[in-house]
Amino acid sequence: MSDVTRTPVVAGNWKLNQTIDESLTLVRQLREAISGVDGVEVIVGPVATALHAVAGELKGSNIGLAAQNTHHEASGAFTGELSPLLLADVGCTHCIVGHSERRQLFGETDAGVGRKAAALQAHGLVPIVCLGETLEQREAGETLGVCLGQLDASLDGVAVAGDRLIVAYEPVWAIGTGKTAKASDAQEVHAALRARLREAHGEVADSIRILYGGSVKPANAAELLAEVDIDGALVGGASLKAETFAPIVEAAAG
Ligand code: PGA
């Protein structure tokens, strides 16, 4: 066991919500609400059309800016796509990849997620690589196999280092449903993910932040975040209001 301490991360995934004006208001409220909180890395993930304005609003703060998706190529004939190059250009520091909504609704594969993550790293961005099992897979006792398989396949060609990669475990059945994994069940998966990272990459596994996501809210954040291998939260619904996101940030700060 190493004694590396991992700075917790709380990231907001705003999904397909918030106009530019609404995004700016939310960021201002959030900055104010968490101004006294230390020891936690905070990231917001607006829609693509609000990234530029939000980047401007975040200047002078240490809140990170995440896009919600990218293409893996830097430029070219890919109508409708965004690239790591452009996300870096607009001021993003992070990008969510492989969210279950993208895997389920837009046909994303582990290999595609890995290509995106590696391309983001090549442009200096930190990918937040998401994975997690469906309800059917959990009920069939396949949770660990599915999650470890996704981890291996999604990180093929990706640099594994604490400052270059964030992993997010999000059980699909807990996303937007109000159902949260029991803290001890989530911890079991997080520990297995870290053990696999250690097996494949050695001690550096202790520096990788593994976030939990799926109906995280002020009422359950502290219990989840108290688990030894849960290093933060990826928050959807509760990230859309400063009054519900800020208490999660505070819970992570400890
Ligand atoms: P939720 O979403 O917090 O609304 O469940 C989490 C996510 O999809 O990242």
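Here the structure is a predicted model, which is why all the values come from computation and not from measurement. (Residues numbered from 1 in each chain as written. Predicted model: local features only at pLDDT ≥ 70, side-chain atom pairs only at ≥ 80, totals over all residues. Heavy atoms only, no water.)

Quick notes on the packing of helix α7 (residues 143-154) against helix α8 (residues 183-201)
Okay, so step 1: For the pair α7 and α8, the least separation of the axes is 10 Å and the interaxial angle reads 40°. Considered as vectors, α7 and α8 are oriented oblique to each other. Regarding α7 and α8, the two cross each other, and that crossing is right-handed. Across from Thr-143, Leu-144, Cys-147, Leu-148, Leu-151 and Asp-152 in α7, the residues of α8 making contact are Glu-188, Val-189, Ala-192, Leu-193, Arg-196 and Leu-197. (Axes fitted to C-alpha atoms, helices over the stretch in contact; angles between N-to-C directions. Helix = DSSP H or I, 4+ residues; strand = E, 2+ residues; numbered from the N terminus. Parallel < 35°, antiparallel > 145°, perpendicular 65-115°, else oblique. Left-handed = near helix turned anticlockwise from the far one by under 90°. Contact = heavy atoms within 4.5 Å.)

Considering the site of the ligand
Okay, so step 1: In the vicinity of the ligand, 13 residues are found, and the nearest of them are Lys-15, His-99, Glu-170, Gly-176 and Ser-215.
Okay, so step 2: Residue Lys-15 places a side-chain N or O atom 2.7 Å away from an oxygen atom belonging to the ligand.
Okay, so step 3: Here the ligand has 280 Å² of accessible area as a free molecule, and 95% of this is covered by the chains.
Okay, so step 4: When its residues are assigned to classes, the shell around the ligand shows 4 nonpolar, 7 polar and 2 charged. (Near = heavy atom within 4 Å. Polar contact = N/O pair within 3.5 Å; in protein donor to acceptor, adjacent residues only side chain to side chain. Areas by Shrake-Rupley, 256 points an atom, 1.4 Å probe, with all protein chains shown as cover. Nonpolar A, V, L, I, M, F, W, Y, C, P; charged D, E, K, R; others polar.)

Thoughts on the state of the cysteines
Okay, so step 1: Taken as a whole and judged by the stated rule, the model has 0 disulfides.
Okay, so step 2: With no disulfide partner, Cys-130 has as its closest neighbouring cysteine sulfur the one in Cys-95, 9.6 Å distant.
Okay, so step 3: Cys-130 supplies the cysteine sulfur nearest to Cys-147, a cysteine that is in no disulfide, at a spacing of 12 Å. (Disulfide = S-S within 2.5 Å.)

Quick notes on the packing of aromatic side chains
Okay, so step 1: One pass over the full model with this rule turns up 1 aromatic pair.
Okay, so step 2: Seen from the ring of Phe-106, Arg-102 lies directly overhead, with NZ or CZ sitting 4.2 Å from the centre. (Phe/Tyr/Trp six-rings, centres within 6.5 Å; stacked < 30°, edge-to-face > 60°. Lys NZ or Arg CZ within 6 Å of the ring centre and 35° of its normal.)

Examining the sheet that holds strand β8 (residues 232-235)
Okay, so step 1: Strand order in this closed barrel of 8 strands is β1-β2-β3-β4-β5-β6-β7-β8, and the pairing throughout is parallel. Between one strand and the next, the sheet's axes are offset by a mean angle of 25°, whatever the strand orientation.
Okay, so step 2: Pairing of strand β1 (residues 9-13) with strand β2 (residues 41-45) involves 5 bridges; the strand directions are parallel. What sits directly across from Asn-13, in β2, is Gly-45.
Okay, so step 3: This element, α7, spans β5 (126-131) and β6 (166-169) of the sheet and lies at about 150° to β5.
Okay, so step 4: Strands in contact with α8 are β5, β6 and β7 (209-213); relative to β7, the strand with the most contacts, it is inclined by about 150°. (Pairing = 2+ DSSP bridges.)

Brief notes about the nonpolar core
Okay, so step 1: With 64 residues, the main nonpolar core has Leu-193 and Tyr-212 as its most contacted residues.
Okay, so step 2: Discounting residues that sit within four places of it in the chain, Leu-193 has contacts with Leu-131, Cys-147, Leu-148, Leu-151, Tyr-169 and Ile-210.
Okay, so step 3: Counting 12 residues, the second-largest nonpolar core is a separate cluster that includes Ile-43, Ala-66, Val-126 and Ala-168. (Core = buried A, V, L, I, M, F, W, Y, C linked by side-chain atoms within 4.5 Å. Buried < 20%, exposed > 50% of the residue type's maximum accessible area, 1.4 Å probe, protein only.)

Section: a nonpolar patch on the surface
Okay, so step 1: On the surface, a nonpolar cluster with roughly 230 Å² of combined accessible area is contributed by Leu-82, Leu-85 and Leu-86.
Okay, so step 2: Take Leu-85: it is sitting in helix α3 (residues 84-90).
Okay, so step 3: Leu-85 sits in the partly exposed class, given a relative accessible area of 41%. (Patch = residues over 30% accessible without salt bridge, like charges linked within 9 Å, V, L, I, M, F, W, Y side chains within 5 Å. Salt bridge = Lys/Arg side-chain N within 4 Å of Asp/Glu carboxyl O.)

With respect to the pairing of β8
Okay, so step 1: Residues of β8 alternate between two faces, with Gly-232 and Leu-234 on one and Ala-233 and Val-235 on the opposite face, all of them buried.
Okay, so step 2: The sheet contact formed by β7 and β8 spans 2 bridges and is parallel. Following the sheet pairing, Gly-213 is matched in β8 by Leu-234.
Okay, so step 3: Since β7 and β8 lie parallel, the crossover through helix α9 (residues 218-225) that links them has a hand, and here it is right-handed. (Right-handed = clockwise from strand over helix to strand, strands pointing away.)

Side note on the pairing of β2
Strand residues, when the strand is regular, have side chains that alternate between the two faces of the sheet.
Okay, so step 1: Within β2, 4 of the 5 residues are buried, which leaves it mostly tucked inside the rest of the structure.
Okay, so step 2: Crossover β1 to β2 through helix α1 (residues 20-33) is right-handed.
Okay, so step 3: By the bridge criterion, 2 bridges tie β2 to strand β3 (residues 64-67) in an arrangement that is parallel. Within β3, the residue paired with Val-44 across the bridge is Leu-65.
Okay, so step 4: As for the winding sense of the linkage, the β-α-β connection from β2 through helix α2 (residues 51-58) to β3 is right-handed.

Quick notes on the pattern of salt bridges
Okay, so step 1: Taken as a whole and assessed by the stated rule, the structure comprises 14 salt bridges.
Okay, so step 2: Asp-110 is the salt-bridge partner of Arg-103, the closest N and O atoms lying 2.5 Å from each other.
Okay, so step 3: Of the residues examined, Arg-103 reaches a relative accessible area of 15% and is grouped as buried.
Okay, so step 4: A single salt-bridge network, built from bridges that share partners, covers Arg-6, Arg-194, Asp-229 and Asp-231.

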